[in-house]
Amino acid sequence: MIGRYVAEVSTYAGDIDGLILLIAVVVGFWLILCEAILLGFIIKFRAKPGVRAQYITGEEKSQKRWITIPHYLVLVCDVVIIVGALQIWYDIKQNMPPVEATIRVIGQQWAWSFVHPGPDGKLDTPDDIKTVDELHVAVDTVYEFELESRDVIHSFSVPVFRLKQDAIPGRVIKGWFKAIKTGEFNIQCVEICGIGHGVMAGRIHIESPEEHKNWVAKNAPSLGSTLRTATVAANSS
């Protein structure tokens, strides 16, 4: 249902939508039931000429069951929701599938910086590709991300992935995703991080393997320029 309004573009987006729907249905059921009973009681026990109000202590069994039975039923619903939530939490946060590529995501006031592996497929090598507010990934590939912050708390959010992870200064937080559709989608910061919070947005480009390979080849630093930069840095030091 949620996917009709916000696309499901990661492997676990549907699971999270299902959990949200489950919570909405369970809570909505009890809300409607309680309001209906309350309205019924208001109508049934409204003031009437010649009828005195009843004083109810709630100590009799016939009265207590109106509390105890719904109470136990709500607890059962809570257990169902908790079990479902823990299973999804484990699948997303604990049971990471084999990683095929790693990217680095850096939040700062007020932009997202990304470090992509170059043609060698590894981070922290001379052919890394660095971009601002523009993340490029390949479809059907398991990515691990290393999330950092350079200043304050940010929150890395890709709504179509149903992904939201806080970025905390001084920590590297890891997570993963696997995109299942190509296209361009929004990246947001969903933690108020200062006066420019509202403009801290980016785009994720999900490409076919061939398109992504071409993008990497086109944007990777050339070996010659990398060697020249390293030589200049060495000479200046």
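Please read all numbers here as calculations on a predicted model, not as lab measurements. (Residues numbered from 1 in each chain as written. Predicted model: local features only at pLDDT ≥ 70, side-chain atom pairs only at ≥ 80, totals over all residues. Heavy atoms only, no water.)

Q: What should I look at first to understand helix α3 (residues 209–219) in this one?
A: Side chains of residues three or four places apart in an α-helix project in the same direction, reflecting 3.6 residues per turn. Listing the buried residues of α3 in full gives His212, Trp215 and Val216. One face of α3 carries all of its buried residues, which in axial projection span an arc of 100 degrees. Facing away from the buried side of α3 by more than 90 degrees, the exposed set consists of Glu210, Lys213, Ala217 and Lys218. Against β2 (111–116), β3 (129–132), β4 (134–138), β5 (142–149) and β10 (201–207) lie the buried residues of α3. (Buried < 20%, exposed > 50% of the residue type's maximum accessible area, 1.4 Å probe, protein only. Helix = DSSP H or I, 4+ residues; strand = E, 2+ residues; numbered from the N terminus. Arc of directions from axis to C-beta. Contact = heavy atoms within 4.5 Å.)

Q: I'm lost on the sheet that holds β5 in this one. Help?
A: Two strands in a sheet stick together by hydrogen bonds in their backbones, pointing the same way (parallel) or opposite ways (antiparallel). If you walk across this open sheet you meet the five strands as β3-β2-β1-β5-β8, and the pairing is mixed. Bordering the open sheet on either side are β3 and β8 (173–178), each of which pairs with just one other strand. Neighbour to neighbour, the strand axes of the sheet diverge by 25 degrees on average, direction disregarded. Pairing geometry for strand β1 (residues 101–108) and β5, over seven bridges, is parallel. Its bridge partner being in β5, Thr102 is matched across the sheet by Glu144. The strands that α3 touches are β2, β3 and β5; relative to β3, the one it contacts most, it runs at about 100 degrees. (Pairing = 2+ DSSP bridges. Axes fitted to C-alpha atoms, helices over the stretch in contact; angles between N-to-C directions.)

Q: What exactly am I supposed to notice about the nonpolar core here?
A: Across soluble globular proteins, nonpolar side chains show a tendency to be buried alongside one another. Residues Trp112, Phe156, Phe161, Phe177, Ile204 and Ile206 are the most contacted members of the largest nonpolar core, which totals 36 residues. The element that contributes the greatest number of residues to this core is β5, accounting for four residues. Setting aside anything within four residues of it in sequence, one finds Ile204 in contact with Leu135, Val137, Val158, Phe161, Gly183, Glu184, Phe185 and Ile187. (Core = buried A, V, L, I, M, F, W, Y, C linked by side-chain atoms within 4.5 Å.)

Q: What is the right way to look at the pattern of salt bridges in this model?
A: Oppositely charged side chains may form a pair once their charged atoms are brought near each other. In the structure shown here, the tally under the stated rule is six salt bridges. Here Arg104 ties to Glu148 by a salt bridge, and the two come within 3.4 Å at their closest N and O atoms. Of the two residues, Arg104 sits in strand β1 while Glu148 sits in strand β5, which places them 44 residues apart along the sequence. Here Glu148 falls in the partly exposed class, since its relative accessible area comes to 23%. Via salt bridges that share partners, Arg104, Asp124, Glu146 and Glu148 belong to a single interconnected network. (Salt bridge = Lys/Arg side-chain N within 4 Å of Asp/Glu carboxyl O.)

Q: Just to check I follow, could you spell out the packing of helix α1 (residues 13–44) against helix α2 (residues 61–94) for this structure?
A: If you want to describe how two helices pack, look at the angle between their axes and the distance between the axes. It is at 9 Å that the axes of α1 and α2 come closest, and there the two elements cross at 165 degrees. If you check the angle between α1 and α2, you find them roughly antiparallel. In this structure, α1 crosses over α2, and the sense of that crossing is left-handed. Listed contacts from α2 to Asp15, Ile16, Leu19, Leu22, Ile23, Val26, Trp30 and Phe41 of α1 are Trp66, Pro70, Leu73, Val74, Cys77, Val80, Ile81, Gly84, Ala85, Ile88 and Ile92. For the contact of α1 with α2, the class distribution of residues is 17 nonpolar, one polar and one charged. (Parallel < 35°, antiparallel > 145°, perpendicular 65-115°, else oblique. Left-handed = near helix turned anticlockwise from the far one by under 90°. Nonpolar A, V, L, I, M, F, W, Y, C, P; charged D, E, K, R; others polar.)

Q: When you look at the packing of aromatic side chains in this model, what are you seeing that I'm missing?
A: Two numbers describe a pair of aromatic rings. These are the distance of the centres and the angle of the planes. Here the structure, examined in full by the defined rule, presents nine aromatic pairs. Ring centres 5.1 Å apart and planes at 85 degrees place the aromatic pair Tyr12 and Trp176 in the edge-to-face group. Of this pair, Tyr12 sits in the segment before α1 while Trp176 sits in strand β8, and the two are 164 residues apart along the sequence. Measuring from centroid to centroid gives 5.4 Å for Trp112 and Phe156, while their planes differ by 70 degrees, and the two rings are edge-to-face. Here the residue Trp112 occupies a position in strand β2, and Phe156 occupies one in strand β6 (residues 154–158), the gap between them amounting to 44 residues. Taken together, Trp112, Tyr143, Phe145, Phe156, Phe161 and Phe177 form an aromatic cluster joined through their ring pairs. (Phe/Tyr/Trp six-rings, centres within 6.5 Å; stacked < 30°, edge-to-face > 60°.)

Just distances and angles here, no functional claims.
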